[in-house]
Amino acid sequence: MIDRRQLLRSLAIAAPSVLGIGAVGQALAQDARAARLIAANVCQVTPATAQGPFYFDPRLMRGDIRDGRAGYPLALRLQVVDAACRPIQGARVDVWHCDAQGNYSGYPGQQQGDLSGETFLRGAQVTNQAGRAAFRTIWPGWYQGRTAHVHFKVLLGERDLLTGQIFFPDRFSRAVFDQLPDYARDSTRGRIFNDQDGIARRAGQGAYAEVTQVEGGFEAAMVIGLADDRGALLSRS
């Protein structure tokens, strides 16, 4: 098995467009910097996607959601803006995803059995003045019929303003799944990637994070753009 440093070296030979850095072009990247955005999906309205069966609110306001779960380190940075590119302060962002072996905390019937009462890889943050929230987690694993993804919600009080999923360039997922022992399985039957995942295809590029290499792991950044009515509601709060 390859170690983490070797994985980083193997990915470093890829072109920036393959890595997801600049896939939308230099002009959009410049626009993003000018607007003080963390990613170049400039002010797109983020598509709503299926919540899935594994949401619950553990009422954990925390940035580090790992709970000791093994996996490749991922720094997830999100920024909530309205359709005019204005950052939204005070929005609550919930995230949750499966572990390296495809298990969701808090539910029975997982790969590791009944995980009721567990809260790993779940948490929430409130956006700051720049509309930003950050999480320390691991690269999500896979389970049958789904590509790697992270679920999120943007809430105002108890109102769910947007439920979506975050996707990643396949190159990273393939390298992690194929080369790191935490993600090893006896069989890859049922493993798919973005082009085979119906939810990812429908969501489109507005639901993809930009991924870069950082020391000891990956960093993923995505701008979550709310439609005008949702953004206005938050701006008035």
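All values derive from a computational prediction rather than experimental measurement.

Caption draft 1: Spotlight on the overall build of the protein chain. A tally of helices and strands in the protein chain yields six helices and eight strands. Across the 237 residues of the protein chain, 49% fall into the buried class. Approximately 10,800 Å² of the protein chain is accessible, and the part contributed by carbon and sulfur atoms is 47%.

Caption draft 2: Examining the sheet that holds strand E2 (residues 92-96) more closely. The four strands are arranged E3-E2-E5-E6 in an open sheet whose pairing can be described as antiparallel. A single partner strand is all that each edge strand has here, and the edge strands are strand E3 (122-126) and strand E6 (159-167). Pairs of neighbouring strands in the sheet enclose a mean axial angle of 20°, with direction left out of account. Here five bridges tie E2 to strand E5 (residues 149-156), and the two strands are oriented antiparallel to one another. Within E5, the position partnered with Val95 by the bridge is Phe152.

Caption draft 3: Quick peek at the confidence of the model for the protein chain. Residues at a pLDDT of 70 or more form 80% of the protein chain, whose mean pLDDT is 84. Every residue in residues 12-24 scores below 50 in pLDDT, and together they form 19 contacts with partners more than four places removed in sequence or on other chains.

Caption draft 4: Up close: the sheet that holds strand E8 (residues 217-225). Read from one edge to the other, the open sheet built from four strands follows the order E4-E1-E8-E7, with strand pairing classed as mixed. The sheet is open, and its two borders are formed by strand E4 (132-138) and strand E7 (210-214), each paired with just one other strand. Direction aside, the axes of adjacent strands within the sheet are offset by 20° on average.

Caption draft 5: Expanded view of the packing of aromatic side chains. Following the criterion strictly, the structure yields 13 aromatic pairs and no others. On the basis of an interplanar angle of 40° and a centroid distance of 5.8 Å, the ring pair of Phe177 and Tyr183 is categorised as tilted. Taking the relative accessible area as the measure of exposure, Phe177 reaches 6% and is therefore buried. What makes Tyr183 buried here is its relative accessible area of 1%. Members of the aromatic cluster, joined through ring pairs, are Phe54, Phe56, Tyr104, Tyr107 and Tyr143. Just above the ring of Phe120 sits the side chain of Arg69; from NZ or CZ to the centre is 3.8 Å. The ring of Phe193 has Arg174 sitting right over it, with the charged end atom 3.8 Å from the ring centre.

Caption draft 6: Local environment of the pattern of salt bridges. Scanning the entire structure with this criterion turns up twelve salt bridges. Note that Asp57 is salt-bridged to Arg59, the shortest N-O span being 3.7 Å. Among the salt bridges present, the one from Asp67 reaches Arg62, with a minimum N-O distance of 2.9 Å.

Caption draft 7: Up close: the nonpolar core. Residues Leu78, Val95, Trp139, Ile166, Phe168, Tyr183 and Ile224 are the most contacted members of the largest nonpolar core, which totals 39 residues. Counting only elements with at least two residues in this core, the list comes to strand E1 (73-81), E2, E4, E5, E6, helix H4 (170-179) and E8. Filtering out sequence-adjacent residues up to four positions away, Ile224 remains in contact with Thr46, Leu78, Gln79, Val80, Val81, Phe152, Val154 and Leu162.

Caption draft 8: Looking closely at the pairing of E5. Buried residues dominate E5, accounting for seven of its eight residues. Of the strand pairs in this sheet, E5 and E6 are connected by eight bridges, and their pairing is antiparallel. In the strand pairing of E6, His149 is matched with Phe167. Between E5 and the antiparallel strand that follows it, E6, lie two residues; Gly157 among them carries a positive phi value of about 60°.

Definitions and limits used
- The numbers attached to residues start from 1 for each chain and follow its sequence in the written order.
- Only residues with pLDDT of 70 or above have their local features reported here, since the model is predicted, and side-chain atom pairs are shown and tallied only from 80 upward, although totals for entire chains, interfaces and linings are computed over all residues.
- Just so you know, side-chain values use all the structure's heavy atoms and leave hydrogens and water out.
- Starting at the N terminus, helices and strands are each numbered in turn, a helix being any DSSP run of H or I of at least four residues and a strand any DSSP run of E of at least two.
- The rule is simple: take the accessible area with a 1.4 Å probe, protein chains only, and divide by the maximum for that residue type; under 20% is buried, over 50% is exposed, in between is partly exposed.
- Here, Shrake-Rupley sampling with a 1.4 Å probe gives the accessible areas, and only protein chains in the shown set may cover a residue.
- The pairing criterion for strands is at least two bridges between them, as found by DSSP.
- Every axis corresponds to a line fitted to the C-alpha atoms, with the helix fit spanning only the stretch in contact, and the corresponding angles, defined between N-to-C directions, vary from 0 to 180 degrees.
- Every residue is assigned a pLDDT by the predictor, reflecting its confidence on a scale from 0 to 100.
- For this analysis, residues touch if any pair of their heavy atoms sits within 4.5 Å.
- Each aromatic pair joins two rings of Phe, Tyr and Trp (for Trp, the six-membered one) with centres within 6.5 Å, and gets the label stacked for planes under 30 degrees apart, edge-to-face for over 60, and tilted for any other angle.
- The criterion for a charge sitting over a ring is simple: Lys NZ or Arg CZ within 6 Å of the ring centre, and within 35 degrees of the ring normal.
- A pair is scored as a salt bridge if a Lys or Arg side-chain nitrogen falls within 4 Å of a carboxyl oxygen belonging to Asp or Glu.
- Side-chain atoms within 4.5 Å are what join buried Ala, Val, Leu, Ile, Met, Phe, Trp, Tyr and Cys residues into a set we call a nonpolar core.

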